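Structural features, examined
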Amino acid sequence: MNKNQELYYDEIESLRKFRSKIETHAIYKEDLDSFSDEYEELVAQAKVITRVSDRLQKKLDNANLQIREQNEEIKDKNVQLADTVDQLAKAKVGRRASTILFTVAVVLFILEQVLLEPIIDDYFDTQFVSLGILGVLFLVVKFSEGALESYFMNREKKKILEKEENNQ
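Quick look at the structure, then. A quick note: this is a predicted structure, and the numbers were derived from the prediction, not measured.

To continue, consider a negative patch on the surface. A cluster of acidic side chains, namely Asp 37, Glu 38, Glu 40 and Glu 41, defines a negative patch on the protein surface. Along the polypeptide, Glu 40 turns up in helix α2 (residues 29-123). Its relative accessible area of 54% is what places Glu 40 among the exposed residues.

This is the structure:
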């Protein structure tokens, strides 16, 4: 191995030389002192590296915690946004359905008054038949409102899904 490939090349080389001296029984006090000093320096470096690593890990943990909190906040805001979009769509659809049904109701009322009222007056002596027909028309229009709103909501949802698919 050369120095460029091994991170602790000098330390490993020093350990190899020391072991070689142990095997040949050629250890002197200076060798022990030198090896002890190198070992002490390595322990000091390990302490520094551990402290730096601990600090970095703490910063990383804090950053991860902050990211998790921000992700939760984003999820909450996305839910709020989806609710708001849904409410706006319902309001828009409700207005559209009400406008259409109001127009239909006026047209039906006029048609009833112009076309059916003369016939009813010729065959019946009471106004209750005319009022009954108007009541039935009112109920048909009122119950049609929910169906029309559902239809428009489904169209709005399809539009939104198509937009999302096109954006992806």
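Having seen the model, we can carry on.
A word on the environment of Val 107. Looking at where Val 107 falls in the secondary structure, it is placed in helix α2. Owing to a relative accessible area of 42%, Val 107 belongs among the partly exposed residues under this scheme. Linking Val 107 and Leu 60, residues 47 residues apart in sequence, is a C-alpha distance of 69 Å.

Moving on, we get to the packing of aromatic side chains. Throughout the structure, instances matching the rule amount to two aromatic pairs. Between the aromatic rings of Phe 18 and Phe 35, the centroid separation amounts to 4.1 Å while the plane-to-plane angle is 10°, which identifies the pairing as stacked. In this pair, Phe 18 is assigned in helix α1 (residues 9-23) and Phe 35 in helix α2, connecting sequence segments 17 residues apart. Since its relative accessible area comes to 12%, Phe 18 is described here as buried. With a centroid separation of 5.6 Å and 50° between ring planes, the pair formed by Tyr 151 and Phe 152 is classed as tilted. One cation-aromatic arrangement involves Arg 96 over Phe 152; the distance from NZ or CZ to the ring centre is 4.9 Å.

Criteria and cut-off values
Residues numbered from 1 in each chain as written. Predicted model: local features only at pLDDT ≥ 70, side-chain atom pairs only at ≥ 80, totals over all residues. Heavy atoms only, no water. Patch = residues over 30% accessible without salt bridge, like charges linked within 9 Å, V, L, I, M, F, W, Y side chains within 5 Å. Areas by Shrake-Rupley, 256 points an atom, 1.4 Å probe, with all protein chains shown as cover. Salt bridge = Lys/Arg side-chain N within 4 Å of Asp/Glu carboxyl O. Lys, Arg positive; Asp, Glu negative; His and termini not counted. Charge placed at Lys NZ, Arg CZ, Asp CG, Glu CD. Helix = DSSP H or I, 4+ residues; strand = E, 2+ residues; numbered from the N terminus. Buried < 20%, exposed > 50% of the residue type's maximum accessible area, 1.4 Å probe, protein only. Phe/Tyr/Trp six-rings, centres within 6.5 Å; stacked < 30°, edge-to-face > 60°. Lys NZ or Arg CZ within 6 Å of the ring centre and 35° of its normal.

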